[in-house]
Amino acid sequence: DSRNSARRQLLRDMWVPEYRNIGKTVRAEFIIGLLTYQGDGHEDKIVDELFAEHTKYGDLALVNAREATRDPYRGDPKCTGEKIIAWFQQVVVMYKDTRFFMKADWDTWVHTIRLEHNLRVLAVRSEPVYLGNTLWCSYSVGDFQPCGYGFGPLQAGGG
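Residues numbered from 1 in each chain as written. Predicted model: local features only at pLDDT ≥ 70, side-chain atom pairs only at ≥ 80, totals over all residues. Heavy atoms only, no water.

Novice: Please explain the overall build of the protein as it appears in this structure.
Specialist: A count of helices and strands for the protein gives four helices and four strands. From first element to last, N terminus to C terminus, the protein shows the α and β order α-β-α-β-α-α-β-β. For the protein, with 159 residues in total, the buried portion stands at 28%. Counted over contacts in the protein with a minimum sequence separation of 6, partners at least 24 positions apart contribute 57%. (Helix = DSSP H or I, 4+ residues; strand = E, 2+ residues; numbered from the N terminus. Buried < 20%, exposed > 50% of the residue type's maximum accessible area, 1.4 Å probe, protein only. Contact = heavy atoms within 4.5 Å.)

This is the structure:
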């Protein structure tokens, strides 16, 4: 909806001038599920708006997954995780030589220059590194499927 588009524009307006590495050594994308939380395709008007926005900015990651329901207490945790899993599956193919990926919500402020510096320090490691905390939905290590709300098996970060 227009609120999401306005939030994305606000981040573009604030981040790009603030952090000189965005668009150079750091790529920022907004993850958008191509399906509603019911599993249907979006209305034509929304598809047209997304197409125009992506054509203009090139920073939408459109994934074949459901958008989360507007009601976080609806009891369907799979919606919250599908989009993120689909994005991670997509970026490891599209950007196969990229060493690090990061996911943040629209209301998260990321100091990209400091983050890039810290990641470059970690880049000397040869094993995979996960930093972060999965708050709303965690994932089964065996099949990478969402396993419910709250802190799950991958809720801690580190080495």
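Novice: Got a minute to help me understand the side chain of glutamate 29 in this structure?
Specialist: Mapping glutamate 29 onto the fold places it in the loop between helix H1 (2-18) and strand E1 (30-35). There is a polar contact of 2.9 Å between the side chain of glutamate 29 and the side chain of arginine 27. Side chain to side chain, glutamate 29 and tyrosine 95 meet in a polar contact 2.9 Å long. If we skip the residues at most four places from it in the chain, glutamate 29 touches Asp59, Ala61, Trp87, Val91 and Tyr95. (Polar contact = N/O pair within 3.5 Å; in protein donor to acceptor, adjacent residues only side chain to side chain.)

Novice: What is the right way to read the packing of H1 against helix H2 (residues 44-57) from this model?
Specialist: When two helices pack together, you describe them by how their axes are tilted relative to each other and by the distance separating the axes. Put simply, H1 and H2 touch, their axes get as near as 12 Å, and they point 10° apart. Regarding the angle of H1 to H2, the classification is roughly parallel. Judged by residue contacts, Ser5, Arg8, Gln9 and Arg12 of H1 engage Leu50, Glu53 and Tyr57 from H2. Residues that form the contact of H1 with H2 fall into these classes: two nonpolar, two polar and three charged. (Axes fitted to C-alpha atoms, helices over the stretch in contact; angles between N-to-C directions. Parallel < 35°, antiparallel > 145°, perpendicular 65-115°, else oblique. Nonpolar A, V, L, I, M, F, W, Y, C, P; charged D, E, K, R; others polar.)

Novice: Help me understand H2 in this model?
Specialist: Because an α-helix packs 3.6 residues into every turn, residues spaced three or four apart end up facing the same way. The end-to-end C-alpha distance of H2, which contains 14 residues, comes to 20 Å, matching closely the 20 Å that a straight helix rising 1.5 Å per residue would cover. Looking one or two places after H2, you find glycine 58, whose phi comes out positive at around 65°. (Expected span 1.5 Å × (residues − 1).)

Novice: Looking at this model, I keep getting lost on the pattern of salt bridges. Mind explaining?
Specialist: All chains considered together, the criterion is met by nine salt bridges. Linking glutamate 29 and arginine 27 is a salt bridge whose minimum nitrogen-to-oxygen distance equals 2.9 Å. On the basis of relative accessibility, which here comes to 46%, the residue arginine 27 falls in the partly exposed class. Put simply, arginine 66 and glutamate 82 hold a salt bridge, and the shortest N to O gap is 2.7 Å. Taken as a pair, arginine 66 in strand E2 (residues 60-66) and glutamate 82 in helix H3 (residues 77-94) lie far apart in primary sequence, 16 residues in all. Arginine 66 gets classed as buried once you look at its relative accessible area, which sits at 16%. A relative accessible area of 25% places glutamate 82 in the partly exposed class. Here the salt bridges share partners, and the residues they tie into one network are Arg8, Arg12, Glu53 and Asp59. (Salt bridge = Lys/Arg side-chain N within 4 Å of Asp/Glu carboxyl O.)

Novice: Got a minute to help me understand the environment of leucine 11 in this structure?
Specialist: Mapped onto the fold, leucine 11 is located in helix H1. Among all residues touching leucine 11, those that are not within four sequence positions of it are Val16, Phe30 and Trp106.

Novice: What should I look at first to understand the pairing of E2 in this one?
Specialist: Within a regular strand, the side chains alternate between the two sheet faces. In terms of residue burial, E2 counts as a mostly covered element, since five of its seven residues are buried. Here five bridges tie E1 to E2, and the two strands are oriented parallel to one another. Within the sheet, the bridge partner assigned to isoleucine 31 lies in E2 and is alanine 61. With respect to chirality, the unit in which E1 leads through H2 into the neighbouring parallel E2 is right-handed. (Pairing = 2+ DSSP bridges. Right-handed = clockwise from strand over helix to strand, strands pointing away.)

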